[in-house]
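# Examining the three-dimensional arrangement
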Amino acid sequence: MSSISVVIPCYNGRKYLAEAIDSALHQTHANKEVIVVDDGSTDDSAEIMAGYHGRIQVVQQKNQGLPAARNAGIRVSKGDLIAFLDADDWWAPTFLEKTAHALSSNSAVMAYSGWQNIGAPPPFHEPHIPEDYEQALPSKAIRLFRSTGWPVHAALTRRDAIFTAGLFNTKLDSCEDFDLWLRIALNQPIVRVPEVLAYYRFHPGQMTRNEAKNALMHYQVQQDFLCNHGDQLKLAYPNIRALMTGELLKRGYRAYWSRNLTDARRIFRRVMLDRYGSLNDWKYMLPAWLPEALHQWLIRRVGK
């Protein structure tokens, strides 16, 4: 049986931390260790961790951010496989067992499962099963580069693959998992477990607070990856802008039609700077250069 290290980063996560730790400890896969990284918490998260004395390993450090906290856990881990669970999320009891079985049965470097947002408004609360990227058309590389379809806690990865890829990029404050998955999965086999086994706790205001930031960081990760590793992608898909700025435009429209105009404007301006989109797209995007109050008035005036 493969040994698994579970890494739980925590910064002021006292409200849900015990649920996350219990979710990891109660996994049906027996050969595991649970590592909780206290990333400089100022609440009573440390006291909650202390209550699990002997059952978890605690790493304490000054606050350095989520990617650095995960890296700290990776460096002290001993498992052949590594899973990441944020302090406010949880797993089905069989998550580790089923993803580990899929890895060993398919000689893959990563297994990923379905997931669900809990507490999100419709339609974002629906259970989601990602596509089988190994069978994706036009190609796995193109589909992954456009967007990976699972969150950080819905994956189990071989430890040596994470180290070979260089761990999480600590310069990123979002989309650091997308960046790592690209470096690991683009040219190595991965396997899907087509069940919902991971649960993401949705917090009120989360979507509107992060929409533009995440969209623009996603775009930046794509740009950086293309500069450093993009030769194969450019050969396979000459119209690479459709995967990058095209994806960014889609995210801009999602913000726009959900009436999150502030974030939609930021995204649209980036798309226009890349001189991307049809004439109809520019009809929607151009007002993003106006003052926001005037843009709001224009939308009410034309009814779109």
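Shown above is the structure to which this text applies.
First things first, this report covers the structure right here in the doc.

Conventions we followed
The residue numbers shown here count from 1 along each chain, following its written sequence. Given that this is a predicted model, residues contribute local features only at a pLDDT of at least 70 and side-chain atom pairs are listed and counted only at 80 or more, while totals for whole chains, interfaces and linings are drawn from all residues. Hydrogen atoms and water are omitted, and side-chain values are computed over all heavy atoms in the structure. Only DSSP runs of H or I covering at least 4 residues are called helices, and only runs of E covering at least 2 are called strands; the numbering of each starts at the N terminus. Note that the radius of gyration is over C-alpha atoms, with the globule rule given as 2.2 Å times the number of residues to the power 0.38. Relative accessibility decides the category of a residue: with a 1.4 Å probe and only protein chains considered, values under 20% of the type maximum give buried, values over 50% give exposed, and everything between is partly exposed. The contact rule is simple, with two residues in contact once any of their heavy atoms fall within 4.5 Å. Residue-level accessible areas treat just the shown protein chains as cover; the underlying method is Shrake-Rupley with a 1.4 Å probe. Charged-residue counts in this description rest on Lys and Arg as positive and Asp and Glu as negative, His and the chain ends being excluded. The atom standing in for a charge is NZ when the residue is Lys, CZ when it is Arg, CG when it is Asp and CD when it is Glu. Strands are treated as partners if at least two bridges between them are detected by DSSP. Classification remark: right-handed applies to a crossover when, strands pointing away from the viewer, the course from the first strand over the helix to the second runs clockwise. Each salt bridge in this description consists of a side-chain nitrogen of Lys or Arg and a carboxyl oxygen of Asp or Glu lying within 4 Å of one another.

### A few points about the overall build of the protein
- Across its full length, the protein carries 13 helices and 8 strands.
- On C-alpha atoms alone, the protein measures out to a radius of gyration of 20 Å, which is about the 19 Å that the 2.2 N^0.38 rule sets for 304 residues.
- Taken along its principal axes, the extent of the C-alpha atoms in the protein is 65 × 45 × 35 Å.
- Out of the 304 residues belonging to the protein, those deemed buried represent 53%.
- Relative to all contacts within the protein whose residues are 6 or more apart in sequence, the contacts with residues 24 or more apart total 73%.
- As presented, the protein carries roughly 14,400 Å² of accessible surface, and 52% of it is formed by carbon and sulfur atoms.
- Mean positive and mean negative side-chain charge positions of the protein (35 and 31 charges, respectively) differ by 8 Å.

### Topic: unusual backbone geometry
- In this structure, Pro138 follows Leu137 across a cis peptide bond, with omega equal to 5°.
- Checked against the element boundaries, Pro138 lands in the loop between β6 (110–118) and α5 (140–146).
- A positive phi angle, near 65°, is found at Arg259, a position not held by glycine.
- Examined against the element boundaries, Arg259 turns out to sit in the loop between α10 (241–257) and α11 (261–273).

### Considering the pairing of strand β2 (residues 32–39)
- Here β2 lies mainly inside the structure; 7 of its 8 residues are buried.
- Taken together, the 7 bridges between strand β1 (residues 4–10) and β2 define a ladder with parallel strand orientation. Each bridged residue has a counterpart across the sheet, and for Ile8 the counterpart in β2 is Val36.
- Looking at chain direction, β2 and strand β3 (residues 57–61) are connected through 5 bridges and run parallel. Residue pairing in the sheet places Ile35 in a bridge with Gln57 of β3.
- Tracing the backbone out of β2, into helix α2 (residues 45–50) and back to the parallel element β3 gives a crossover that is right-handed.

### Some remarks on the pattern of salt bridges
- Using the criterion set out here, one finds 11 salt bridges in the structure.
- Between Lys140 and Glu134 there is a salt bridge whose closest N-O contact spans 2.8 Å.
- In this structure, Glu247 and Arg251 form a salt bridge, with 3.4 Å as the shortest nitrogen-oxygen distance. Residue Glu247 and its partner Arg251 are located together in helix α10, separated by 4 residues, close to a single helical turn.
- Residue Arg251 is classed as buried on the basis of its relative accessible area, which comes to 16%.
- A cluster of three or more residues bridged by salt bridges with shared partners is formed by Arg70, Asp86 and Glu176.

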